[in-house]
Amino acid sequence: PGSSLPSFRITELTHRYIRLGEDSNSKAGASTASPLTAASCNIDVSCEPAWATTSHAVAGLGTVGVIGELFCTGCLLNDLNESPKTDYFLTAAHCITSQAEADSTEFYWNYQTANCKGAIPNPSTVPRTVGGASILSTKSRGSGNDHCFMQLRGTVPSGVTYAGWNSDPPAPGEALAGIHHPQGDYKRISIGVTQGENTNFRTVRWTRGVTEVGSSGSPLFNAKQQVIGQLYGGDSDCSNPAPSQQIDEYGRFNVT
């Protein structure tokens, strides 16, 4: 009485980003519902058959109730127990900034082609792990190496991989790889070499492929296909072919 204004409550928001006007090098915030898709210089992970098994450890992160939209990437990690496995998952702290966000996160598996440049699955049809996750350790870029280490609450589907990991630094010239969901699109792979490191981060220069928005939190692998970091962000971009500028930054896994 006394007012004609309706009463309502906002229960969910989803963010959609475009490159124009971005003010951060972090690569979180993609959406498959956006008109943007991954740029053409990205490499279909299925075109690198040596990575076929390891690629199934990588998952896209989405929000409960917003089916088919991926905003970041992460990786299922192995532990020392043969059975049962504990479903540990690594991504970036700027992807999951609080336990409340972890509670409302879903994990998309096998969003990738079955063969090189093959049919692309609809992200709403691939297996998902629901129920969120419990944060076990997290540090922002300001206080550490931008990691978010979690334990999944739901069940992972059959056929996924538990990625190995290593706390040793890569050797100079060692071939490194990043597997990720650029623009929240289907899974891609980037190949490069280390450019150096500091207390919390190591830099990588890509020789093939790049990363994009949506790739944040994705794993960096050494030549033995072991996780050695998680993506913060950087300057790599298909629109800039200069090799000296295809640089990205990963939180060091030994710090995590």
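Residue numbering note: each chain is counted from 1, following its sequence as written. Residue-level local features of this predicted model are given only where pLDDT is at least 70; pairs of side-chain atoms are given and counted only at 80 or more, and the full residue set underlies all totals for whole chains, interfaces and linings. Excluded from the side-chain calculations are hydrogens and water; all other atoms, namely the structure's heavy atoms, are used.

Participant: Go over the environment of phenylalanine 201, please, and point to the residues and values.
Facilitator: Elements are defined by DSSP. Helices are runs of H or I of four residues or more, strands are runs of E of two residues or more, and each kind is numbered from the N terminus. Along the polypeptide, phenylalanine 201 turns up in strand 12 (residues 201–208). Spatially, the C-alpha atom of phenylalanine 201 lies 8.9 Å from that of phenylalanine 253, the residues being 52 residues apart in sequence. Every residue pair with non-hydrogen atoms within 4.5 Å of one another is taken to be in contact. Setting aside residues no more than four positions away along its own chain, phenylalanine 201 makes contact with Arg141, Gly144, Asn145, Asp146, Tyr232, Glu249, Tyr250, Gly251 and Arg252.

Participant: Describe the nonpolar core, and please don't skip the residues or the numbers.
Facilitator: To form a nonpolar core, buried Ala, Val, Leu, Ile, Met, Phe, Trp, Tyr and Cys residues must be joined to one another through side-chain atoms within 4.5 Å. With a 1.4 Å probe rolled over the protein chains alone, any residue whose accessible area is under 20% of its type maximum counts as buried; one over 50% counts as exposed, and the rest are partly exposed. If you look at the biggest cluster of nonpolar residues, it comprises 19 residues, and the most contacted ones within it are Phe89, Ile96, Phe107, Trp109, Met150 and Leu152. Listing elements by their share of this core, those giving two or more residues are strand 2 (58–63), strand 3 (70–77), strand 5 (105–109) and strand 8 (147–152). Each residue touching phenylalanine 89, except ones within four places of it in the same chain, is listed here: Ala59, Leu61, Gly74, Cys75, Leu76, Phe107, Trp109, Cys148, Phe149, Met150 and Leu152.

Participant: An account of the state of the cysteines is requested, with residue identities and associated values reported.
Facilitator: One way to say it: the disulfide is the covalent bond shared by the sulfur atoms of two cysteines. A pair of sulfur atoms, both from cysteines and within 2.5 Å, is called a disulfide here. If you walk through the whole model with that rule in mind, you get three disulfides. The partner cysteine of cysteine 47 in its disulfide is cysteine 116, sulfur to sulfur 1.9 Å. Taking the sign of the torsion about the S-S bond as the criterion, the disulfide between cysteine 47 and cysteine 116, at about 85°, is right-handed. Of this pair, cysteine 47 sits in the loop between strand 1 (43–44) and strand 2 while cysteine 116 is found in the loop between strand 5 and strand 6 (128–129), placing the two residues 69 residues apart along the sequence. Look at cysteine 116 and you get partly exposed, because its relative accessible area is 40%. Through a disulfide, cysteine 72 is tied to cysteine 95; the S-S separation comes to 2.0 Å. Sign of the S-S torsion, about -80° for the bond between cysteine 72 and cysteine 95, identifies this disulfide as left-handed. Here cysteine 72, found in strand 3, pairs with cysteine 95, found in the loop between strand 4 (88–91) and helix 1 (99–103); they are 23 residues apart in sequence, far enough to count as distant.

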